[in-house]
Amino acid sequence: MAKARVAVLISGAGTNMAALLYAAKAETCPYELVLVASNDPAAPGLAIAEAEGIATWAQSHKGLDRAVFDTLVDEQLRAAGAEYVALAGYMRILSDDFVARWEGRMLNIHPSLLPRYKGLNTHAQAIENGDSHGGCSVHIVTPALDDGPVLAQTPVAIVPGDTPETLAARVRFAEHQLYPATLAAYVARERSPDYLRARVRELALALPETDEVVSHGMPCFGIVKGKKFAYFTEDHHGDGKIALLVKISGADEQAQLIELDEDRYYRPAYFGDTWIGIRLDLGDTDWDAVGEWLRKSWLAIAPKKLTGLIGIAEEF
């Protein structure tokens, strides 16, 4: 299975970037680094990435509007084919538009046990407040600073005589352990059959009067005591795919979708021209789009008396 493609944004030494990079050298690591980018062309971490054969890009943000600079960064990320972004000591507040473009696909590591001590001077605050532990957190990036859902944390004991500098040094060890493991787990789940099946089940069973059974050896969803509108397929007939099968209008739509994106869409064997296979194991699934596919497929087979239950008067 292809590895998830990760870009890392740094502003300085890049020690957390290096931890991610060296973890990625393991054959079993589910991600690879495809770009290291910086808002400081003199950032020492860039030289480490270059020496290890990772593509780099750097440009100063000075004199540029925040949104303009973020657009430049976004262009580089997409040109590199990045699927995820890891912030690793990136000392820039990101524009809301940039965060929205990478919603659910951008992680950050922060040197505190969030939600405590967002922002700067975290170690000094932990010591001054008499905390027993400092630590670090990996979280999903949202528009609010250091406020996204926390994925993992490592507490680090504060010992007598600690200064912000001595505590920071130990927390940094914890960061270098926590970030690669958390990133690996996060990207792997979007290729995990159990995770993907659960997401499909949640969306499908939210539709009116639906149930789940097994048919043709696959979990499938349909109107209770009625027709089926979706199948979840995992390596069915040895095709190596994890996918959602939904109903469509016919051969013309099927051909158009496959032509649009032949890596994502395919003609499912044994299902004919009125179904399309949608790959879920590419690591970049748009779950809003999956929900819409399920909704439309449900409408294609639902009795008219049910369609009003989701506020839809149109015909499929």
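For the structure, check the block above.
As a starting point, this report considers the structure included with it. Note that this is a predicted model, so its numbers are computed, not measured.

**A short note on the side chain of T285**
Part 1: Turning to its location among the elements, T285 is positioned in the loop between β13 (275-279) and α9 (287-301).
Part 2: Engagement of the side chain of T285 in a polar contact is seen with the backbone oxygen of L280, the distance being 3.1 Å.
Part 3: Non-local contacts of T285, meaning those with residues more than four positions away in its chain, are made with R105, E190, R279, L280 and V290.

**Overview of the nonpolar core**
Part 1: Core analysis: the largest hydrophobic core is formed by 38 residues, its most contacted members being V8, Y31, L33 and V36.
Part 2: It is helix α6 (residues 164-189) that contributes the most residues to this core, nine residues altogether.
Part 3: Within the second largest apolar cluster, 28 residues are counted, among which are L207, A230, F232 and L306.

**Things to note about the sheet that holds strand β1 (residues 4-10)**
Within a sheet, each strand pairs with its neighbour through backbone hydrogen bonds, oriented either parallel or antiparallel.
Part 1: Read from one edge of the open sheet, seven strands run β3-β2-β1-β4-β5-β6-β7, paired in mixed fashion. With partners counted over all chains shown, the strands left at the sheet margins are β3 (56-58) and β7 (150-157), one partner each. Averaged over all adjacent pairs, the angle separating strand axes in this sheet is 20 degrees, with direction ignored.
Part 2: Where β1 and strand β4 (residues 84-87) come together, four bridges link them in parallel fashion. In the strand pairing of β4, V6 is matched with Y84.
Part 3: Across the sheet, helix α2 (residues 44-51) touches β1, β2 (31-38) and β3, and the angle it forms with β3 is around 155 degrees.
Part 4: Lying over the sheet, α6 contacts β1, β2, β4, β5 (106-110), β6 (133-140) and β7, oriented at roughly 155 degrees with respect to β7.

**A closer look at unusual backbone geometry**
It is generally the case that most residues other than glycine have a negative phi and that most peptide bonds are trans.
Part 1: For the bond from L114 to P115, the omega torsion is 10 degrees, close enough to zero to count as cis.
Part 2: Take P115: it is sitting in the loop between β5 and α5 (122-128).
Part 3: At Y270, a residue that is not glycine, the phi angle is positive and equals roughly 75 degrees.
Part 4: Its place among the elements puts Y270 in the loop between β12 (265-266) and β13.

**Side note on α9**
Count 3.6 residues to each turn of an α-helix, and residues three or four apart come out pointing the same way.
Part 1: End to end, α9 covers 22 Å across 15 residues, agreeing with the expected 21 Å (1.5 Å per residue, within 8%).
Part 2: Taken as a whole, α9 has its buried residues at W287, V290, W293, L294, R295, S297, W298, L299 and I301.
Part 3: The backbone nitrogen of D288 lies 3.1 Å from a side-chain oxygen of the residue at the head of α9, namely D286.

About the criteria used
Residues numbered from 1 in each chain as written. Predicted model: local features only at pLDDT ≥ 70, side-chain atom pairs only at ≥ 80, totals over all residues. Heavy atoms only, no water. Helix = DSSP H or I, 4+ residues; strand = E, 2+ residues; numbered from the N terminus. Polar contact = N/O pair within 3.5 Å; in protein donor to acceptor, adjacent residues only side chain to side chain. Contact = heavy atoms within 4.5 Å. Core = buried A, V, L, I, M, F, W, Y, C linked by side-chain atoms within 4.5 Å. Buried < 20%, exposed > 50% of the residue type's maximum accessible area, 1.4 Å probe, protein only. Pairing = 2+ DSSP bridges. Axes fitted to C-alpha atoms, helices over the stretch in contact; angles between N-to-C directions. Expected span 1.5 Å × (residues − 1).

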